[in-house]
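Descriptive structure summary
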Amino acid sequence: MGILWGILIVLFLNGLIFPLFNPRRITATDYGTFISYVDSGRVKEVMIKNGQIYFSAADADGKAATYQTGEIDDPGLVGRLLAAESPNESGKIVFTRIVPQENSPILNFILMWVLPGLIFYMLWRQASRSIQARMGSGGNFLSFGSSGAKIYADSDVKTTFADVAGQDEAKEALTEIVDFLHSPSKYAEIGASLPKGALLVGPPGTGKTLIARAVAGEAKVPFFAMSGSEFVQMFVGMGAAKVRDLFKQAGEKAPCIIFIDEIDAIGKRRDTAIGGNDEREQTLNQLLTEMDGFDGRKGVVILAATNRPESLDKALLRPGRFDRRIQMELPDLEGRKAILKVHLAKVKHESVDLSIVAQATAGSSGAELANIVNEAALRAVRQGRRKVTTADLEESVETVMAGAQKKNKVLSGEEKRIVAYHEIGHALVAAMQTASAPVHKITIIPRTSGALGYTMQVDEGEQVLLSRENLFNRIATLTGGRSAEELVFGSITTGASNDIEQATKLARAMVTRFGMSEKYDMMGLETVNNAYLGGDNALTCSSETAAEIDNEVLRIVREAHEKARGILSEHRALLDEAAAFLLERETITGEEFMRIVRKYESVG
Ligand code: ADP
Ligand code: MG
Ligand code: ZN
């Protein structure tokens, strides 16, 4: 670049140099004066250059001066100059014409054609590079079919199946893929081609990303990982270019694994109704094309993960693409124990009883369990200990589920009494019913989540099937808090809002999804979308039925509420004693609570 500018500047300057040299001493004059100077024999020297005549002549007083005049087409000039006299020693005028130097044809060609082209190319390169840098996307502006992005393969993945606890079915399904990546030739010999792609499906935090890495680690092959959202670019066509690049680079490194995390970002069903997202659809089309295009026997396996499988385009799921579907479910009791063990191995601990923690964390994902272990380790450090104990883990379970303890007292004495009765109400209703989980802990220490206290019930085993009685008893337990308030204080508070929400949800599910109402028998009245992401329900019935459902839900909740009130008024003395005990201790264990219960039972 520097050299080019240098040439340009010299070119421009050349034209300027001559007139710049001695502009003052040249006097402009007309052609007639020039001729009269010649004829009068006063001209010494004449030089013609660039259509200008420069001449020096002696003045009347003998001094020499330089003049300039325009050249005129005058054929007689040479004869006139030759014939004229001059003050020169030779008596003749010295005259000459300076012919401007012509560049060589090659130089001319370079200057006129090559140089401008080169300059424009460089300017364009510069511009597109700076635009790219500003976009920060790694994509190439005005791309010629390539994203220009270097996709880095992790060729030394350390994660193995040992890091993934539980999920045995998923591991089993993936073992075949690992074997295939180890020795693709074994499969090629028979003529078998393995599934090109496997789709990992499950709720967030169940280890989908983790297990994909583990496959690469087990097979010891390069791991190309990209998130679906990385393909969705600002400019149409760039995502597609990125897909192309990814597959090209992966093909060069085969055997290897391509992992597309959160594939729903590009794999969403294409809809024809309203103009879709062009960029996303092009990217998806490119992905489909690439998956068809590459040779399944070469040893490239594509893994993808999503927690919204129902939103994926059908074309992605057909044989030859992601035809294998690997389900990653929330861990069961044994799974939770195993996951806790894996993560506990990373921190120092002593005599930890995992079964209690595993029981208390029903419904938690692997990620949440990992978080619980880490919170426990933090708590141990905070308290200046060197090892994690069971108490740390139990406390961190509660922290993760209900928020941290609020240390500064915000409750007045009366409020505290209400909360104590409320919680004992829950616990007592639970204890007096068969088939409800035993009470594990009751506390009236407020939590940052807003809970003023809570009753923790822990199932010993894993309950997969819930009977109608189970669900009804659960609703009764949820109404137990409010029932105690009514019974003891004759007034009600806002403290039951969460209970109300949960009880209503349960009762509604009984009617609309579990076929547990007499009125609607086994009719499905609701569908669940997005099951892995909390699930939003959509009614599938007429509006009259919807109103009827509300009545039915109300009937169930009311019945449960009455049952709870009945239980509590029957055991009023027990309620009082337990509440007083809780008020004094603030936190009591399930065992302490049951001791009071048993005392009354043996009497009554
Ligand atoms: P997903 O991709 O399914 O949302 P991740 O694979 O990102 O979940 O999991 C997040 C973290 O949770 C992991 O890094 C790991 O620490 C922990 N985890 C999840 N499942 C497991 C498991 N089965 N075994 C061990 N750790 C797990
Ligand atoms: Mg993930
Ligand atoms: Zn409550």
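Refer to the structure presented above.
Description of the structure in this document. (Residues numbered from 1 in each chain as written. Chains lettered and ligands numbered in written order. Predicted model: local features only at pLDDT ≥ 70, side-chain atom pairs only at ≥ 80, totals over all residues. Heavy atoms only, no water.)

**Re the overall build of the protein**
Defined as follows: Numbering of helices and strands runs from the N terminus, with a helix taken as a DSSP run of H or I at least four residues long and a strand as a DSSP run of E at least two residues long. Pairs of residues are marked as contacts when any of their non-hydrogen atoms sit within 4.5 Å. Exposure was quantified through the Shrake-Rupley algorithm and a 1.4 Å probe, taking into account, for residues, occlusion by the shown protein chains and nothing else.
Tallying secondary structure elements over the protein gives 22 helices and 16 strands in all. Intrachain contacts of the protein at a sequence separation of at least 6 include 71% that bridge at least 24 residues. Summed over all atoms, the accessible surface of the protein reaches about 32,400 Å², with 55% contributed by carbon and sulfur.

**Quick notes on helix 19 (residues 497-512)**
To keep it simple, the criterion reads: Residue count minus one, scaled by 1.5 Å, sets the expected span of a helix.
In this model, helix 19 (16 residues) spans 22 Å end to end at C-alpha, consistent with the 22 Å of a helix rising 1.5 Å per residue. Tucked inside the fold, the buried residues of helix 19 contact helix 17 (413-432), helix 18 (468-489), strand 14 (526-529), strand 15 (536-539) and helix 20 (543-570).

**Considerations on the environment of T443**
To be explicit about the condition: Throughout this description, a polar contact denotes any pair of N or O atoms lying within 3.5 Å of each other; where both atoms belong to protein, one of them has to be capable of donating a hydrogen while the other can accept it, and for residues adjacent in sequence the pair is counted only when both atoms sit in side chains.
The residue T443 is located in strand 12 (residues 439-443) in this model. In this structure, T443 is in contact with E423, G453, Y454, L582, E586 and T587, ignoring residues within four places of it in sequence. Within the local environment of T443, its side chain forms a polar contact with the side chain of T587, the two groups lying 3.1 Å apart.

**Description of the coordination of the zinc ion (ligand 3)**
How we decide: Only nitrogen, oxygen and sulfur atoms within 2.8 Å of the metal, or 3.2 Å for Na, K and Ca, are treated as donors, and water is left out, so sites may look incomplete. For the exposure calls, accessible area comes from a 1.4 Å probe over protein chains only, and a residue counts as buried if that area is under 20% of its type's maximum, exposed if over 50%, partly exposed in between.
Within the protein, the atoms that donate to the zinc ion (ligand 3) are H422 (NE2), H426 (NE2), D499 (OD) and D499 (OD), at distances of 2.0 to 2.8 Å. One chain supplies every donor to the zinc ion (ligand 3), and in sequence these donors are spaced H-x3-H-x72-D. Remark: D499 occurs in helix 19 and H422 occurs in helix 17; sequence separation between them is 77 residues. Taking relative accessible area as the criterion, H422 reaches 6% and is therefore assigned buried.

**Comments concerning the nonpolar core**
Soluble globular proteins: nonpolar side chains tend toward being buried together. The criterion, for reference: The nonpolar core is taken to be a set of buried Ala, Val, Leu, Ile, Met, Phe, Trp, Tyr and Cys residues, with the residues joined through side-chain atoms within 4.5 Å.
If you look at the biggest cluster of nonpolar residues, it comprises 42 residues, and the most contacted ones within it are I424, I442, I475 and F593. Those elements that provide at least two residues to this core are helix 17, strand 12, helix 18, helix 19, helix 20, helix 21 (572-585) and helix 22 (590-603). Looking at this core, the element that brings in the most residues is helix 17, giving 8 residues. The contact partners of I475, leaving out residues within four places of it in the chain, are A503, L506, A507, M510, I556, V557 and A560.

**Section: the sheet that holds strand 9 (residues 256-261)**
Put simply, the rule reads: Any two strands between which DSSP finds at least two bridges are classified as paired. Fitting a line to C-alpha atoms yields each axis, with helices limited to the stretch in contact; the angle taken between N-to-C directions then spans 0 to 180 degrees.
Spatial ordering of the open sheet is given by 6-8-9-10-7-11, a layout of 6 strands whose pairing is mixed. Each having just a single partner strand, strand 6 (153-154) and strand 11 (324-327) make up the two edges of the open sheet. Sheet topology note: the strand 9/strand 10 (residues 300-306) ladder contains 5 bridges and is parallel. Across the sheet, residue I260 finds its bridge partner in strand 10, namely A304. Lying on the sheet, helix 5 (residues 168-182) is in contact with strand 7 (197-201), strand 9, strand 10 and strand 11; it crosses strand 11 at an angle near 135°.

**Some words on a negative patch on the surface**
What counts is decided by this rule: Only residues whose relative accessible area exceeds 30% and that form no salt bridge are eligible for patches; like-charged ones are grouped when within 9 Å, while nonpolar side chains (Val, Leu, Ile, Met, Phe, Trp, Tyr) are grouped when within 5 Å. By salt bridge we mean one thing: a side-chain nitrogen of Lys or Arg within 4 Å of a carboxyl oxygen of Asp or Glu. In this tally Asp and Glu are treated as negative and Lys and Arg as positive; neither His nor the chain ends contributes. Positions of charges follow a simple convention, taking NZ of Lys, CZ of Arg, CG of Asp or CD of Glu.
Taken together, the side chains of D168, E169, E172 and D332 present a region of like negative charge at the surface. Residue position: E169 is located in helix 5. The exposure class of E169 is exposed, given its relative accessible area of 61%.

**Some points on the site of ligand 1**
We count it as follows: Any residue with at least one heavy atom within 4 Å of a molecule or strand is counted as near it. For each domain, the first and last residues come from an automatic or database assignment.
In the vicinity of ligand 1 there are 16 residues, among which A165, G205, K208, T209 and H343 approach most closely. Within the backbone of G207, a nitrogen or oxygen atom sits 3.1 Å from an oxygen atom of ligand 1. Between ligand 1 and A367 there is a distance of 3.4 Å, counted from an oxygen atom to a backbone nitrogen or oxygen. Summarising the interface, the protein chains cover 79% of the accessible area of ligand 1, which totals 560 Å² for the free molecule. Counting residues per element, the ones that place at least two in the shell around ligand 1 are helix 7 (208-219), helix 13 (333-344) and helix 15 (366-382). Looking at which domains feed residues into the shell around ligand 1, each of domain 3 (150-327) and domain 4 (333-402) supplies at least three.

**Notes on the pattern of salt bridges**
Considering all chains together, one arrives at 25 salt bridges under this definition. Salt-bridge contacts for R508 lead to D550; the nearest nitrogen and oxygen are separated by 2.6 Å. Of the two residues, R508 is situated in helix 19 and D550 in helix 20; the sequence distance between them amounts to 42 residues. Because the salt bridges share partners, they merge into one network encompassing E395, E398, K441 and R447.

**What to know about a nonpolar patch on the surface**
Side chains of I106, F109, I110, M112, W113, V114 and L118 sit close together on the surface and give an oily, nonpolar patch of about 750 Å² of accessible area. Along the polypeptide, I110 turns up in helix 4 (residues 105-135). By relative accessible area, I110 is classed as partly exposed at 36%.

**With respect to the environment of E526**
Position of E526 among the secondary structure elements: in strand 14. For the pair E526 and L539, spaced 13 residues apart in sequence, the C-alpha to C-alpha distance is 4.3 Å. Other than its neighbours up to four places away in sequence, E526 contacts R508, T512, R513, N537, A538, L539 and T540. In terms of polar contacts, E526 uses its side chain to reach the side chain of T512, at 2.9 Å.

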